[in-house]
Amino acid sequence: MTQTRKTATADLAQLSALNLSDLQGLMEAWMQPKFRAKQVLDWCNKGILNPALMKNIPDVLRDRLLTSLMCEPLRLIRRECSADGTRKYVFALNRPRLAGKMIEAVFIPEEKRGTVCISSQVGCVLDCPFCHTGTQGFEGNLSAGEIVAQVLAIKADLRHEPMTDDLHNDVTHIVYMGMGEPLANEEGVHGSLAILMDEDGLKLSRRRITVSTSGLTPQIERLGAVHPVNLAISLHSAIDEKRDLLVPINRKHPLQQLRDCLNAYPLATQRHITLEYVLLDGVNDQADDLAALARFVNPEREWVNLIQFNPYPGSPYRGTAKESMNQFAQDLISKGIRATVRRSRGQDIMAACGQLKADTKGVS
Ligand code: SAH
Ligand code: SF4
């Protein structure tokens, strides 16, 4: 953090992207006692980014925070609650260049864990034809502060309006599976990972964070070197010609390159790489698809997660029938491959995988 105040046209530093030493630096510059940094950070960790709500800090510091930083990079526009407890949040961005653009995050509660699915970009740079986000084009990368702020806003919401007793009421896991290709935004994603894992921050371990990528191999290598979190790969076909169409980045980074890259990824003990495979009727669910997938998987280190296709208005594919999905899973299992069928959550509020597409036309 090098600046405290910039001209009106430039983006201010975002409070949610600051760590303890950044805040201590600011306190020193503002001639405030050092312990105030920890007080401010404690509020942030609870999900409170508005200085007016930080009860134990003096007015002069509140003013400083408000005038020198962008304290709240996101504005909650809408929250939708699914019958299964899943909550979808639509946020508008506040920073000048992307003001009013919208992104989405989802909270998925289970009995013993609470997973937040976060967005990393407005839209997506890539163009997978079965993905709703992909159809909206790319508008911009989220900053580290905007990515972290999604998690903080959900923490605050859960304190304000808790889940029912049978569901977990805090954020224990994070998945970068919302809008966007996380590894096409290394600055924002690496920065947010550092904050989410920080000892003085949310202290989430690398074992509880998963980055999902369509397979940008140089970026996967760098992620492994800097923040070796869990990895999920949007595979969707193990046949190059088919994957070229379904996941077009395959033309640049084909399967063999992906294979070598995955073999070298540093896994935490007892962790695996997830290969995500959305089953599309008649497209990638045939016997030759299964055989190719079985050949591709490294069963020692990788599990297959079969995903039910989530339709959206105008989507050009149909999902494979439930029974055939189960059969596909069984066939993999019989070949010694760990395979699960992902239960889709929050479908009734369009919060399921690949359904996220905020109306980015914007609000004022
Ligand atoms: N861009 C990253 C992360 C976001 S997409 C990636 O592609 O991995 C999160 C997951 O949802 C990916 O596995 C993606 O392939 C899957 N997905 C996209 N559209 C979908 C749809 N319509 N139905 C089911 N899954 C979908
Ligand atoms: Fe982008 Fe992932 Fe959707 Fe492909 S599946 S368009 S990489 S968000």
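Residues numbered from 1 in each chain as written. Chains lettered and ligands numbered in written order. Predicted model: local features only at pLDDT ≥ 70, side-chain atom pairs only at ≥ 80, totals over all residues. Heavy atoms only, no water.

A.B. asks: How should the overall build of the protein chain be read in this particular structure?
C.D. replies: What the protein chain contains, in helices and strands, is 10 helices and 12 strands. In terms of C-alpha radius of gyration, the protein chain reaches 21 Å, essentially the compact-globule figure of 21 Å for 364 residues. When its C-alpha atoms are laid out on the principal axes, the protein chain stretches across 70 × 40 × 40 Å. The burial tally for the protein chain puts 55% of its 364 residues in the buried class. In the protein chain, once contacts between residues fewer than 6 apart in sequence are set aside, the share between residues at least 24 apart is 65%. (Helix = DSSP H or I, 4+ residues; strand = E, 2+ residues; numbered from the N terminus. Rg over C-alpha atoms; globule rule 2.2 N^0.38 Å. Buried < 20%, exposed > 50% of the residue type's maximum accessible area, 1.4 Å probe, protein only. Contact = heavy atoms within 4.5 Å.)

A.B. asks: I tried to follow the packing of helix α4 (residues 144-160) against helix α5 (residues 186-197) on my own but got confused; where do I start?
C.D. replies: Helix-helix packing is described using two parameters, namely the angle between the two axes and the distance between the axes. Between α4 and α5, the least distance of the axes is 7 Å, while the angle of their chain directions is 45 degrees. By the angle between their directions, the pair α4 and α5 is classed as oblique. As for how α4 packs across α5, the hand of that crossing is right-handed. In this structure, α4 uses Ala 144, Ile 147, Val 148 and Val 151 to contact α5, whose residues at the interface are Gly 188, Val 189, Gly 191, Ser 192, Ile 195 and Leu 196. Class assignment of the residues belonging to the contact of α4 with α5 gives a composition of seven nonpolar, three polar and no charged. (Axes fitted to C-alpha atoms, helices over the stretch in contact; angles between N-to-C directions. Parallel < 35°, antiparallel > 145°, perpendicular 65-115°, else oblique. Left-handed = near helix turned anticlockwise from the far one by under 90°. Nonpolar A, V, L, I, M, F, W, Y, C, P; charged D, E, K, R; others polar.)

A.B. asks: Hey, could you run me through helix α2 (residues 35-46) in this one?
C.D. replies: One full turn of an α-helix is made of 3.6 residues, so residues set three or four places apart face in the same direction. If you check α2, its first and last C-alpha atoms are 17 Å apart, about what 12 residues at 1.5 Å a residue would give, namely 16 Å. Every buried residue belonging to α2 is among Arg 36, Ala 37, Gln 39, Val 40, Leu 41, Trp 43, Cys 44 and Asn 45, and all of these are buried. Residues of α2 that are buried sit in contact with α1 (20-29), α3 (59-68) and α4. Gly 47 sits one or two residues past α2 and shows a positive phi near 100 degrees. (Expected span 1.5 Å × (residues − 1).)

A.B. asks: What exactly am I supposed to notice about the site of ligand 2 here?
C.D. replies: As a structural note, the neighbourhood of ligand 2 is formed by Cys 124, Leu 126, Cys 128, Cys 131, Gly 134, Gly 180, Glu 181 and Ser 214. Taken together, the residues that form the shell around ligand 2 break down as four nonpolar, three polar and one charged. (Near = heavy atom within 4 Å.)

A.B. asks: Help me understand the side chain of His 173, please; the structure alone is not making it clear to me.
C.D. replies: For His 173, the position within the fold is in strand β7 (residues 173-176). Take His 173: its relative accessible area is 14%, and that puts it in the buried class. The contacts of His 173, once residues within four sequence positions are left out, are Arg 113, Gly 114, Thr 115, Val 116 and Arg 208.

A.B. asks: Got a minute to help me understand empty space enclosed by the protein in this structure?
C.D. replies: With a probe scaled to a water molecule rolled over the atoms, the places where space remains empty come into view. Applying the stated criterion across every chain, the model contains two cavities of 30 Å³ or more. Around the second largest cavity sit 16 residues that line it, and Leu 18, Leu 41, Asn 45, Ile 195 and Gly 201 are the ones nearest its centre. No other element matches α2, which puts three residues into the lining of the second largest cavity. Broken down by class, the residue content of the lining of the second largest cavity amounts to 10 nonpolar, four polar and two charged. (1 Å grid on protein atoms, 1.4 Å probe; cavity = no way out; pocket = protein on both sides within 12 Å on 5 of 7 lines; lining within 4 Å. Points joined across faces, edges and corners; volume = space filled by probe spheres on them.)

A.B. asks: Where do I start with the environment of Asn 50 in this structure?
C.D. replies: Along the chain, Asn 50 falls in the loop between α2 and α3. Overall, the relative accessible area of 21% leaves Asn 50 in the partly exposed class. A distance of 3.0 Å separates the side chain of Asn 50 from the backbone nitrogen of Ala 52, its partner in a polar contact. (Polar contact = N/O pair within 3.5 Å; in protein donor to acceptor, adjacent residues only side chain to side chain.)

A.B. asks: I keep staring at the site of ligand 1 and nothing clicks. Help me out?
C.D. replies: Every one of the 21 residues lining ligand 1 counts as a neighbour, but Phe 130, Gly 180, Ser 212, Ser 234 and His 236 are closest to it. Between ligand 1 and the protein, one listed contact pairs a nitrogen atom with a backbone N or O atom of Gly 180 at 2.9 Å. Within the side chain of Ser 234, one N or O atom sits 2.6 Å away from an oxygen atom of ligand 1. Coverage of ligand 1 by the protein amounts to 95% of the 530 Å² it exposes when considered alone. Partitioning the shell around ligand 1 into residue classes produces nine nonpolar, 10 polar and two charged. (Areas by Shrake-Rupley, 256 points an atom, 1.4 Å probe, with all protein chains shown as cover.)

A.B. asks: For this particular structure, what's the right way to read the pairing of strand β8 (residues 209-213)?
C.D. replies: When a strand is regular, its side chains alternate between the sheet's two faces. The element β8 is largely enclosed, with a buried count of five among its five residues. Alternating positions in β8 separate into two faces, Ile 209, Val 211 and Thr 213 on one and Thr 210 and Ser 212 on the other, with burial throughout. Of the pairings in the sheet, the one linking β7 to β8 comprises three bridges and is parallel in character. Bridging across to β8, Ile 174 finds its partner in Ile 209. (Pairing = 2+ DSSP bridges.)

A.B. asks: Which parts of the structure should I look at to understand the packing of aromatic side chains?
C.D. replies: This structure, assessed with the given rule, holds three aromatic pairs. Ring geometry for Phe 309 versus Tyr 317: centroids 6.4 Å apart, planes at 85 degrees, classification edge-to-face. Sitting over the face of the ring of Trp 43, Lys 46 holds its NZ or CZ atom 4.7 Å from the ring centroid. (Phe/Tyr/Trp six-rings, centres within 6.5 Å; stacked < 30°, edge-to-face > 60°. Lys NZ or Arg CZ within 6 Å of the ring centre and 35° of its normal.)

A.B. asks: Explain the sheet that holds β8 to me, please; I cannot follow it from the model alone.
C.D. replies: Sheet strands pair via backbone hydrogen bonds, and the direction of the pair is either parallel or antiparallel. Read from one edge to the other, the open sheet built from 10 strands follows the order β1-β2-β3-β4-β7-β8-β9-β10-β11-β12, with strand pairing classed as mixed. Looking at the sheet topology across the chains shown, the edges are occupied by β1 (74-81) and β12 (339-342). Averaged over neighbouring strand pairs, the angle between their axes works out to 25 degrees when direction is ignored. Where β1 and strand β2 (residues 87-93) come together, seven bridges link them in antiparallel fashion. Within β2, the residue paired with Leu 74 across the bridge is Leu 93.

A.B. asks: Before we go on, may I ask you to explain the nonpolar core in this structure?
C.D. replies: Within soluble globular proteins, side chains that are nonpolar generally end up buried alongside one another. Within the largest apolar cluster, 97 residues are counted, with the highest numbers of intra-cluster contacts made by Leu 15, Val 40 and Tyr 176. Top contributing element to this core by residue count: α4, with seven residues. When sequence neighbours within four positions are dropped, the list of residues in contact with Tyr 176 reads Ile 118, Ile 147, Pro 182, Val 189, Ser 192, Leu 193, Leu 196, Ile 209, Thr 210, Val 211 and Ser 212. (Core = buried A, V, L, I, M, F, W, Y, C linked by side-chain atoms within 4.5 Å.)

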